[in-house]
Every structure is written in C-alpha cells, then in structure tokens.
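# Working through the structure, step by step
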Amino acid sequence: MLRPPELRFWAHAPLTYARADFPDWDLNRALRALRPTRVDITVDRVHLVNQYQHPDRGYYTWDVVEEVRLG
C-alpha cells in the first residue's frame, strides 16, 4: 500500500528496485539516519528522458530526448 503523497516536492533518487516484497521499514530508517543535513540547490537544466525497463537484466536505462536549460 502506498503512503499518501507529500505536499512538498521530494526528489526521487532510487538506490535500487526490488523484485519481491520485503519489509522495508528497517532499511528506510537506516538510510534516513545517514542522510546529510538539507541544503539549497540550484537546478540549471532538466531532461526529458525515454526510460526503458529491462526485466531480464534487472535495471532501467534511458535516452535523453530533450534538455531544457533554466534561468
């Protein structure tokens, strides 16, 4: 079951994807304990990507379709 969406933006940077359900509470707590203090960042570009899933290889790849420079 998914948790409710947060009201603020939360960047997604996965470490891995699991192929089976597992109790992730302890893993999430341990990773959050390692998290450095929050910092401000400047985003100078975004990429539109075409993402491909490779179930046989166990990972994703992507091609950059377009880059948009900001500011």
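Let us now look at the overall build of the protein chain. For the protein chain, the helix and strand inventory stands at one helix and two strands. Ordered by position from N to C terminus, the α and β elements of the protein chain give α-β-β. At a minimum sequence separation of 6, the contacts of the protein chain that also span at least 24 residues come to 34%. Put simply, the protein chain shows about 7500 Å² of open surface, and 58% of that area lies on carbon and sulfur atoms.

Another aspect to go through is the packing of aromatic side chains. Enumeration over the complete set of coordinates arrives at zero aromatic pairs. Above the face of the W25 ring, R29 is positioned so that its terminal group lies 4.3 Å from the ring centre.

Turning our attention to a nonpolar patch on the surface. Residues V39, I41, V43, V46, V68 and L70 make up a contiguous nonpolar surface patch of about 550 Å² in total accessible area. As for its position among the elements, V68 is in strand β2 (residues 59–69).

The next point concerns the pattern of salt bridges. Here the structure, examined in full by the defined rule, presents three salt bridges. Salt-bridge contacts for E67 lead to R45; the nearest nitrogen and oxygen are separated by 3.9 Å. Of this pair, E67 sits in strand β2 while R45 sits in strand β1 (residues 45–54); the two residues are 22 residues apart in sequence, bridging distant segments of the chain. For R45, a relative accessible area of 33% puts it in the partly exposed group. E67 is the partner of R69 in a salt bridge, and the nearest nitrogen-oxygen pair spans 3.2 Å. Judged by relative accessible area, R69 falls into the exposed class, the value being 57%. Among the charged side chains, a network of salt bridges with common partners joins D44, R45, E67 and R69.

Here we take up a positive patch on the surface. A cluster of like positive charges, contributed by R29, R32, R35 and R38, occupies part of the molecular surface. Position of R29 relative to the elements: it lies in helix α1 (residues 25–34).

Examined against the element boundaries, V49 turns out to sit in strand β1. Classification of V49 by relative accessible area gives partly exposed; the value is 35%. Remark: the alpha-carbon pair of V49 and D63, spanning 14 residues in sequence, is separated by 5.5 Å. Ignoring anything within four residues of it in the chain, the contact list for V49 reads W62, D63, V64 and V65.

Conventions we followed
Per-chain numbering applies: the sequence of each chain, read as written, is numbered from 1 onward. Reporting of local features is limited, given that this is a predicted model, to residues whose pLDDT is at least 70; pairs of side-chain atoms are given and counted only at 80 or more, and all residues count toward the totals for whole chains, interfaces and linings. The side-chain figures draw on all heavy atoms in the structure; neither hydrogens nor water molecules are used. The helix and strand labels rest on DSSP assignments: H or I over at least four residues marks a helix, E over at least two residues marks a strand, and numbering proceeds from the N terminus. By the convention used here, residues are in contact when the closest approach between their heavy atoms is within 4.5 Å. Exposure was quantified through the Shrake-Rupley algorithm and a 1.4 Å probe, taking into account, for residues, occlusion by the shown protein chains and nothing else. Side-chain rings of Phe, Tyr and Trp (the six-membered ring for Trp) are treated as a pair once their centres are within 6.5 Å; stacked means planes under 30 degrees apart, edge-to-face means over 60, and tilted covers the remaining angles. Placement of a charge over a ring requires the Lys NZ or Arg CZ to be within 6 Å of the ring centre, with the centre-to-atom vector within 35 degrees of the ring normal. What makes a patch is a set of residues exposed beyond 30% relative accessible area and free of salt bridges, joined within 9 Å when like-charged and within 5 Å when nonpolar (Val, Leu, Ile, Met, Phe, Trp, Tyr). Salt-bridge detection follows one rule: a side-chain nitrogen of Lys or Arg within 4 Å of a carboxyl oxygen of Asp or Glu. Categorising residues by exposure relies on relative accessible area from a 1.4 Å probe, with only protein chains included: less than 20% of the type maximum marks a residue as buried, more than 50% marks it as exposed, and the intermediate range marks it as partly exposed. In summary, the charge assignment counts Lys and Arg as positive and Asp and Glu as negative, without counting His or the chain termini. For charged residues, the charge sits on one atom: NZ in Lys, CZ in Arg, CG in Asp, CD in Glu.

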